[in-house]
Amino acid sequence: MGTISNDPPATLIQDLKITTQNVSLIFPSRKTERKKSMFLSNIDKVLNFPVETVHFFPSHEDFPPHVAAEKLKTALSELLVPYDFLAGRLRSNPETGRLEIDCNSAGIGFAVASSDYALDDVGDLVYPNPAFGQLICKSVDSLEQDDQPLCIVQVTSFKCGGFAMGVVTNHVTFDGLSFKIFLDNLAAVTAGKPLAVTPCNDRLLLAARSPPCVTFPHRELDKFHDSNPPVIDATSEALDFKVFRLTSDDIASLKEKAKASAIGSHVSDARITGFNVVTALVWHCKALSWDNKESNLDRVSTLLYAVNIRPRLIPPLPMSYTGNAVLTAYARATCKEIDEAPFSRLVELVTEGAKRMTDEYARSAIDWGDIYQGFPNGEFLVSSWWKLGFDEVEYPWGRPKYSCPVVFQRKDIILFFPDIDDNNGVNVLVSLPSKEMSKFKTLFHKYLA
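Each chain carries its own residue numbering, running from 1 in the written order of its sequence. Where local features are concerned, this predicted model is filtered to residues with pLDDT of at least 70; where side-chain atom pairs are given and counted, the filter is 80 or more; whole-chain, interface and lining totals use all residues. With hydrogens and water excluded, all non-hydrogen atoms of the structure serve as input to the side-chain values.

1. Describing empty space enclosed by the protein
Spelled out, the test is: Method remark: on a 1 Å grid restricted to protein atoms, a set of points is classed as a cavity if a 1.4 Å probe fits but cannot get out and as a pocket if it is open with protein on both sides within 12 Å along at least five of seven lines; lining residues have an atom within 4 Å of a point. Grid points are joined across faces, edges and corners, and a volume is the space filled by probe spheres set on the points. Elements are defined by DSSP. Helices are runs of H or I of four residues or more, strands are runs of E of two residues or more, and each kind is numbered from the N terminus. The classification used treats Ala, Val, Leu, Ile, Met, Phe, Trp, Tyr, Cys and Pro as nonpolar, Asp, Glu, Lys and Arg as charged, and all other residues, Gly among them, as polar.
On inspection of all chains with the given rule, the structure shows two cavities of 30 Å³ or more. Of the volumes computed, that of the largest cavity is approximately 60 Å³. Top element by residues in the lining of the largest cavity is strand 16 (residues 402-405). It accounts for three residues. A per-class count over the lining of the largest cavity returns six nonpolar, two polar and one charged. Estimated volume of the second largest cavity: approximately 30 Å³.

2. Focus: the sheet that holds strand 6 (residues 99-102)
Filter applied, for reference: Here, any two strands with at least 2 DSSP bridges between them count as paired.
Spatial strand order, 3-6-5: three strands in an open sheet with antiparallel pairing. In this open sheet, the two strands that pair with only one neighbour each are strand 3 (38-39) and strand 5 (89-92). Note that strand 5 and strand 6 share four bridges and pair antiparallel. Pairing of Arg91 across the sheet is with Glu100, part of strand 6.

3. Examining unusual backbone geometry
Put simply, the rule is: Exposure classes here rest on a 1.4 Å probe applied to the protein chains alone. A residue is buried below 20% of its type maximum, exposed above 50%, and partly exposed in between.
Looking along the chain, the bond that leaves Ser210 and enters Pro211 is cis, with omega of 0°. Relative to the helices and strands, Pro211 resides in the loop between helix 3 (176-190) and strand 10 (221-223). Of note, the bond from Ile314 into Pro315 is cis; its omega dihedral lies within 30 degrees of zero at -10°. Within the secondary structure, Pro315 sits in the loop between strand 12 (300-308) and strand 13 (326-334). For His218, which is not glycine, the phi torsion reads 50° and is therefore positive. With respect to the helices, strands and loops of the structure, His218 is situated in the loop between helix 3 and strand 10. Judged by relative accessible area, His218 falls into the buried class, the value being 2%.

4. Examining the domain arrangement of the protein
Often the size quoted for an interface is simply the accessible area lost on bringing the parts together. We apply this condition: Segmentation of the chain into domains, including their bounds, is taken from an automatic or database domain assignment. Contacts are assigned to residue pairs that have any heavy atoms within 4.5 Å of one another. Joining two parts hides part of their accessible area as seen by a 1.4 Å probe, and the buried area is that hidden amount summed over both.
Domains assigned within the protein are domain 1 (5-206) and domain 2 (221-448). Distance between the C-alpha centres of domain 1 and domain 2: 26 Å. Counting from both sides, the interface comprises 64 residues of domain 1 and, opposite them, 52 residues of domain 2. Taking both sides of the interface into account, the surface hidden between domain 1 and domain 2 amounts to around 4800 Å²; carbon and sulfur atoms contribute 65%.

5. As for the layout of surface pockets
Looking at the second largest pocket, its volume works out to about 450 Å³. For the lining of the second largest pocket, the elements supplying multiple residues, two or more each, are strand 4 (50-57), strand 5, strand 8 (151-157) and strand 9 (163-170). With three residues, strand 9 is the largest single contributor of residues to the lining of the second largest pocket. Here the lining of the second largest pocket is built from residues that sort into nine nonpolar, six polar and five charged.

6. So, the environment of Asp62
As for its placement among the helices and strands, Asp62 is situated in the loop between strand 4 and helix 2 (65-79). We classify Asp62 as exposed; its relative accessible area is 54%. The sequence separation of Asp62 and Pro396 amounts to 334 residues, and the corresponding C-alpha distance is 9.3 Å.

7. A closer look at the packing of aromatic side chains
Formally: Whether two aromatic rings pair depends on their centres lying within 6.5 Å, for rings of Phe, Tyr and Trp, where Trp uses its six-membered ring; planes under 30 degrees apart make the pair stacked, over 60 edge-to-face, and the rest tilted. Placement of a charge over a ring requires the Lys NZ or Arg CZ to be within 6 Å of the ring centre, with the centre-to-atom vector within 35 degrees of the ring normal.
If you walk through the whole model with that rule in mind, you get 25 aromatic pairs. Taking the centre distance of 5.8 Å and the plane angle of 90° together, the rings of Tyr127 and Phe241 count as edge-to-face. One end of the pair, Tyr127, is in the loop between strand 7 (108-115) and strand 8; the other, Phe241, is in strand 11 (residues 240-246), with 114 residues separating them in the sequence. The burial state of Tyr127 is the same as that of Phe241; both residues are buried. The interplanar angle of 20° and the centroid separation of 6.1 Å between the aromatic rings of Phe179 and Phe182 together place this pair among those described as stacked. With Phe179 and Phe182 both in helix 3, this residue pair falls three residues apart, about one helical turn. Side by side, Phe179 and Phe182 carry an identical accessibility label, which is buried. Feature note: the residues Tyr83, Phe85, Phe174, Phe179, Phe182, Trp385 and Phe390 constitute an aromatic cluster, connected by ring pairs. The cationic tip of Arg203 hangs over the ring face of Phe85; the distance from NZ or CZ to the ring centre is 5.2 Å. Stacked on the ring of Tyr447, the Lys or Arg Lys257 has its end atom at 4.9 Å from the ring centre.

8. Thoughts on the sheet that holds strand 16
Under the convention used in this document: To obtain an axis, a line is fitted to C-alpha atoms, over the contacting stretch when the element is a helix, and the angle between two such axes runs from 0 to 180 degrees between their N-to-C directions.
Pairing within the open sheet is mixed, and its six strands lie in the order 2-7-8-9-4-16. Edge positions in the sheet fall to strand 2 (18-26) and strand 16, since each has one partner strand and no second. The mean inter-strand angle of the sheet, taken between neighbouring strand axes irrespective of direction, is 15°. With six bridges connecting them, strand 7 and strand 8 associate as parallel partners. When the sheet's bridge partners are listed, Gly109 is paired in strand 8 with Ile152. Lying over the sheet, helix 3 contacts strand 4 and strand 9, oriented at roughly 135° with respect to strand 9.

9. Considering the environment of Leu346
For Leu346, the location among the structural elements is in helix 7 (residues 343-355). Those residues within four positions of Leu346 in sequence are excluded, and the remaining contacts are Ala280, Trp283, His284, Ile338 and Tyr447.

10. Remarks on the packing of helix 5 (residues 274-288) against helix 7
The test is simple: These descriptions rest on fixed angle ranges, namely under 35 degrees for roughly parallel, over 145 for roughly antiparallel, 65 to 115 for roughly perpendicular, and the rest for oblique.
As a packed pair, helix 5 and helix 7 sit with axes 9 Å apart at the nearest point and diverge in direction by 110°. Between helix 5 and helix 7, the angle falls in the class roughly perpendicular. Across the interface between the two elements, Asn276, Val277, Thr279, Ala280, Leu281, Trp283 and His284 from helix 5 touch Phe343, Leu346, Val347, Leu349, Val350 and Thr351 from helix 7.

See the structure below:
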């Protein structure tokens, strides 16, 4: 049960030999009503960093890369009307100092490039090849730093006729769910169809209350101890990197393991989901692999993961809400409990994090961000791309062969990716120092045995 990709695939290409043909700006296809600015919620404003995704497409006789690129370019121009904020620029409000989007129709970036390789030469698309970063246009060189677009799309053609669509967006613009809707709308407009979903751009729906009222301790949040802390923790520590692949059968076995040990407990079968059991397994392995010889079992381990609050608010937030509508849930336990508790107890602790996220809890967390400058705080964060469905988007040239974010190795973030062959399987991406990775690997296999 469970396999590990210990080393990069033998065919891993580290230089995709990319040539950029053109970089331009795309503007809204027609004038939009000029808004002074777009308010950003307390969730949005701490996410001022880029998110990079790559979507790979096999060759299609009717849609060679240059045709697909032109269709995407036209469709993006159309989309910048309902998504007018995407063509804007980040700025600090001169009166309040608060981060916001100046909806000035300054445009998004669009790049056309080519690779000297065929798509099959790239090898295993699931393995997070750092070279995938070459499929992303990170900036428009003709623009000043404070005038960079909030979104840049790069279409890179391969020798075989396939292509990759690399997209970088500032995280203030979308969360994973709203970006999926954006891709659905992009695919629809590219095919000459109306929008699949009309976006809801009203970020004031997640504004803090006045006055703000924090009614919970929010152990998942910590105040900044620096006026301008880095979002990405730059560490010089050498990290090993491995991909742990769990098949749908592995996940079914984990669910049965949880059910078998749940007799007499408070965890219901409805809570024993694929995400919850995989997260519980990863928490067990990560917490107990901590490299600390002294009193390791007394240490408290805090797991973090994102929860979609759209359906949890009263009234519910529209599912079409474009901004960031996820908050951080947490689970805490001593390493002794994590080591000795039945698997169902770990799953129960994971589920309690999401169960805690009521309307009042979410509103309290948003209000917390009005009073303090802070960020989620825990031992590690599970960032799940598993069920977002980017590879289910139907473009005129078909679904992507695979879609994934460009990965940066961090020991405090463990990523869940979908599998390219097994729809219900998952790839768990882990970066740890060598000694901790060895422990993690041993615990992973032992728990699945």
